[in-house]
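# Secondary and tertiary structure notes
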Amino acid sequence: MSKTTRATQALARAGVSFTVHTYDYDPDADRVGIQAAEALGEDPGRVLKTLMAEVDGKPVCVIVPSDREVSMKKLASAFRGKSANMMKPADAERLTGFVVGGISPFGQKKPVPVAIEEAALVHDRVYMNGGQRGLQVRLAPRDALAALKAIAAAVIA
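Residues numbered from 1 in each chain as written. Predicted model: local features only at pLDDT ≥ 70, side-chain atom pairs only at ≥ 80, totals over all residues. Heavy atoms only, no water.

### Section: the sheet that holds strand β4 (residues 84-86)
Taken in spatial order, the five strands line up as β4-β2-β3-β5-β8 in an open sheet, and their pairing is mixed. This sheet does not close on itself; its edge strands, each paired only once, are β4 and β8 (151-153). Taken over all neighbouring pairs, the strand axes of this sheet differ in orientation by 35 degrees on average, direction set aside. One ladder, built from three bridges, connects strand β2 (residues 48-55) with β4; its direction is antiparallel. Following the sheet pairing, A53 is matched in β4 by M86. Strand contacts of helix α5 (residues 141-148): β3 (58-65), β5 (114-117) and β8, with the helix running at about 165 degrees to β5, the strand carrying the most contacts. (Pairing = 2+ DSSP bridges. Helix = DSSP H or I, 4+ residues; strand = E, 2+ residues; numbered from the N terminus. Axes fitted to C-alpha atoms, helices over the stretch in contact; angles between N-to-C directions. Contact = heavy atoms within 4.5 Å.)

Written out as structure tokens, the structure reads:
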């Protein structure tokens with residue numbers, strides 16, 4: 001497995017301090033984020049999942065703790081929209097250039113607005129997908145917020 005991806009390159013270019021962590025990705029896991037947290041021996045609240053959605057038909061990226069679900073109503077509100085829905089996996093892959101299970105918020109082919117669940121900002125370090133299945137980057141959530149020019153919002157159900 002390569003530890004250099006578009007995501008890690010984007011973080012390095014942004015001057016963000018991060019470490020790379022690998023684990024055995026299980027494609028059959030019911031909840032990939034939870035499986036990643038267990039494999040890394042971390043609290044699921046510190047292992048964040050990257051989801052692609054649409055607000056009023058426009059693509060957005062939302063990052064939440066792996067053990068939580070996104071509230072579509074709160075997500076729409078965070079981006080001052082009326083409605084939100086999850087993006088189809090094939091559309092998410094085409095837009096980001098990453099495969100499902102390996103979608104990172106960093107280094108996407110086409111940058112889109114990003115929201116990070118504000119509860120994740122209480123941690124000193126969190127894990128986010130590093131752009132490949134079984135690859136996570138560990139970094140300060142506020143560094144991620146700045147690098148992504150993201151908003152912090154209450155978006156979990």
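Continuing now.
### What about helix α2 (residues 32-40)?
Listing the buried residues of α2 in full gives G33, I34, Q35, A36, A37 and L40. Looking one or two residues past α2, G41 carries a phi angle of roughly 70 degrees, positive in sign. (Buried < 20%, exposed > 50% of the residue type's maximum accessible area, 1.4 Å probe, protein only.)

### Digging into the sheet that holds strand β1 (residues 19-22)
Pairing in this open sheet of three strands is antiparallel, and the strands run β1-β7-β6 from one edge to the other. Edge positions in the open sheet fall to β1 and β6 (126-132), since each of these has one partner strand only. Each adjacent strand pair in this sheet contributes to an overall mean axis angle of 35 degrees, direction not counted. With four bridges joining them, β1 and strand β7 (residues 135-139) adopt antiparallel strand pairing. Residue pairing in the sheet places H21 in a bridge with Q136 of β7.

### Considering the side chain of S71
Inspection of the secondary structure assignment puts S71 in the loop between β3 and α3 (72-78). Beyond its immediate sequence surroundings of up to four residues, S71 is in contact with V155, I156 and A157.

### Here's the deal with the layout of surface pockets
In this structure, the largest pocket spans a volume of roughly 590 Å³. As for the largest pocket, its lining consists of 29 residues, of which V32, K49, T50, L51 and V100 are closest to the centre. With five residues, the single largest contributor to the lining of the largest pocket is β2. Residue classes in the lining of the largest pocket are distributed as 17 nonpolar, seven polar and five charged. Taken as a whole, the second largest pocket encloses approximately 260 Å³ of empty space. Lining the second largest pocket are 14 residues, and of these P105, G107, P111, A147 and L148 lie nearest its centre. Taken together, the elements giving at least two residues each to the lining of the second largest pocket come down to α1 (6-13) and α5. In the lining of the second largest pocket, the residues fall into 11 nonpolar, two polar and one charged. (1 Å grid on protein atoms, 1.4 Å probe; cavity = no way out; pocket = protein on both sides within 12 Å on 5 of 7 lines; lining within 4 Å. Points joined across faces, edges and corners; volume = space filled by probe spheres on them. Nonpolar A, V, L, I, M, F, W, Y, C, P; charged D, E, K, R; others polar.)

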